[in-house]
Amino acid sequence: FFLLRSAEMHGTIVSFILCTILLGCYCLEPTLVSDTFYSEIEQNSNVLVLFTRLTPLSCPECDIAKKTLSELESDVTALIVDCDESEKLCRKYELNHLPSLLLYNEDLGVYEYPKPMIYLEAVEDFLNLHLVPKTT
């Protein structure tokens, strides 16, 4: 398992470096929100929200999810909600586990990322399936 995971991570790192150098791709800079959560959802057509714990060492899966979100190359607005600080907001969405990802689409609703672990390729597939195309 470790070798497989290591090879997968190596491929992700190499892909990111090549994309950055050759294509000038950029990574998302997720914004930590609590009080501005609803206004961010209203102002943007595609918002990907990571509900997580930011307390160090409390949730290894949360650390992986946060790193994945920062490596994602997409036109979505990325937000992070710390469920230790924003318990009421996290309870509202009745999340089954942390970390959890929700995608808010303008006029189309909310989609929950269906997998327990949050990895880059799976999140990209999820976004490709549910994103609202940008209108020009």
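Residues numbered from 1 in each chain as written. Predicted model: local features only at pLDDT ≥ 70, side-chain atom pairs only at ≥ 80, totals over all residues. Heavy atoms only, no water.

**Thoughts on the overall build of the protein**
Line of reasoning, step 1. A tally of helices and strands in the protein yields five helices and five strands.
Line of reasoning, step 2. Ordered by position from the N terminus, the helices and strands of the protein form the series α-β-α-β-α-β-α-β-β-α.
Line of reasoning, step 3. Evaluated residue by residue, the protein yields a buried proportion of 35% over its 136 residues.
Line of reasoning, step 4. A total of about 8,700 Å² of accessible surface is found on the protein, and carbon and sulfur atoms cover 57% of it. (Helix = DSSP H or I, 4+ residues; strand = E, 2+ residues; numbered from the N terminus. Buried < 20%, exposed > 50% of the residue type's maximum accessible area, 1.4 Å probe, protein only. Areas by Shrake-Rupley, 256 points an atom, 1.4 Å probe, with all protein chains shown as cover.)

**A look at the environment of L89**
Line of reasoning, step 1. Considering the arrangement of structural elements, one finds L89 in helix α4 (residues 87–92).
Line of reasoning, step 2. Accessibility expressed as a relative area gives 9% for L89, which makes it buried.
Line of reasoning, step 3. Spatially, the C-alpha atoms of L89 and F37 are 9.0 Å apart, while their sequence positions differ by 52 residues.
Line of reasoning, step 4. Beyond its immediate stretch of four places on either side in the chain, L89 contacts F37, Y38, F51 and V81. (Contact = heavy atoms within 4.5 Å.)

**A word on the state of the cysteines**
Line of reasoning, step 1. Applying the stated rule across the entire model yields two disulfides.
Line of reasoning, step 2. Between the sulfur atoms of C59 and its disulfide partner C62 the distance amounts to 2.2 Å. Of note, the bridge from C59 to C62 carries an S-S torsion of about 70° and is right-handed in sense. By the burial criterion, C59 is buried, and C62 matches it.
Line of reasoning, step 3. With its sulfur 2.0 Å from that of its partner, C83 forms a disulfide with C90. Every disulfide takes its handedness from the sign of the S-S torsion; for C83 and C90 that torsion is -85°, giving left-handed. (Disulfide = S-S within 2.5 Å.)

**Digging into the confidence of the model for the protein**
Line of reasoning, step 1. Looking at the protein as a whole, its pLDDT mean stands at 76, while 73% of the residues score no less than 70.
Line of reasoning, step 2. In this model, residues 1–27 is a region of pLDDT below 50 whose contacts with residues beyond four sequence positions or in other chains number 20 contacts. (pLDDT = per-residue confidence, 0-100.)

**Describing the packing of aromatic side chains**
Line of reasoning, step 1. Applying the stated criterion to the full structure yields seven aromatic pairs.
Line of reasoning, step 2. Centroid distance Y93 to Y104: 6.0 Å. Interplanar angle 85°. Geometry classified as edge-to-face. One end of the pair, Y93, is in the loop between α4 and β4 (100–105); the other, Y104, is in strand β4, with eleven residues separating them in the sequence.
Line of reasoning, step 3. The exposure class of Y93 is partly exposed, given its relative accessible area of 24%.
Line of reasoning, step 4. Under the relative-accessibility criterion, Y104 is labelled buried at 7%.
Line of reasoning, step 5. An aromatic cluster of at least three residues, connected via ring pairs, comprises F37, Y38, F51, Y93 and Y104. (Phe/Tyr/Trp six-rings, centres within 6.5 Å; stacked < 30°, edge-to-face > 60°.)

**Quick word on the pattern of salt bridges**
Line of reasoning, step 1. Considering all chains together, one arrives at three salt bridges under this definition.
Line of reasoning, step 2. For the salt bridge of R53 with D84, the shortest nitrogen-to-oxygen distance reads 3.1 Å. A residue pair is termed long-range when its members are at least 10 positions apart, and R53 in the loop between β2 (46–52) and α3 (60–71) and D84 in the loop between β3 (77–82) and α4 qualify at 31 residues.
Line of reasoning, step 3. The residue R91 makes a salt bridge to E87 at a minimum N-O spacing of 3.7 Å. Here R91 and its partner E87 are both found in helix α4, four residues apart, which amounts to about one turn of the helix.
Line of reasoning, step 4. Classification of R91 as exposed rests on a relative accessible area of 56%. (Salt bridge = Lys/Arg side-chain N within 4 Å of Asp/Glu carboxyl O.)

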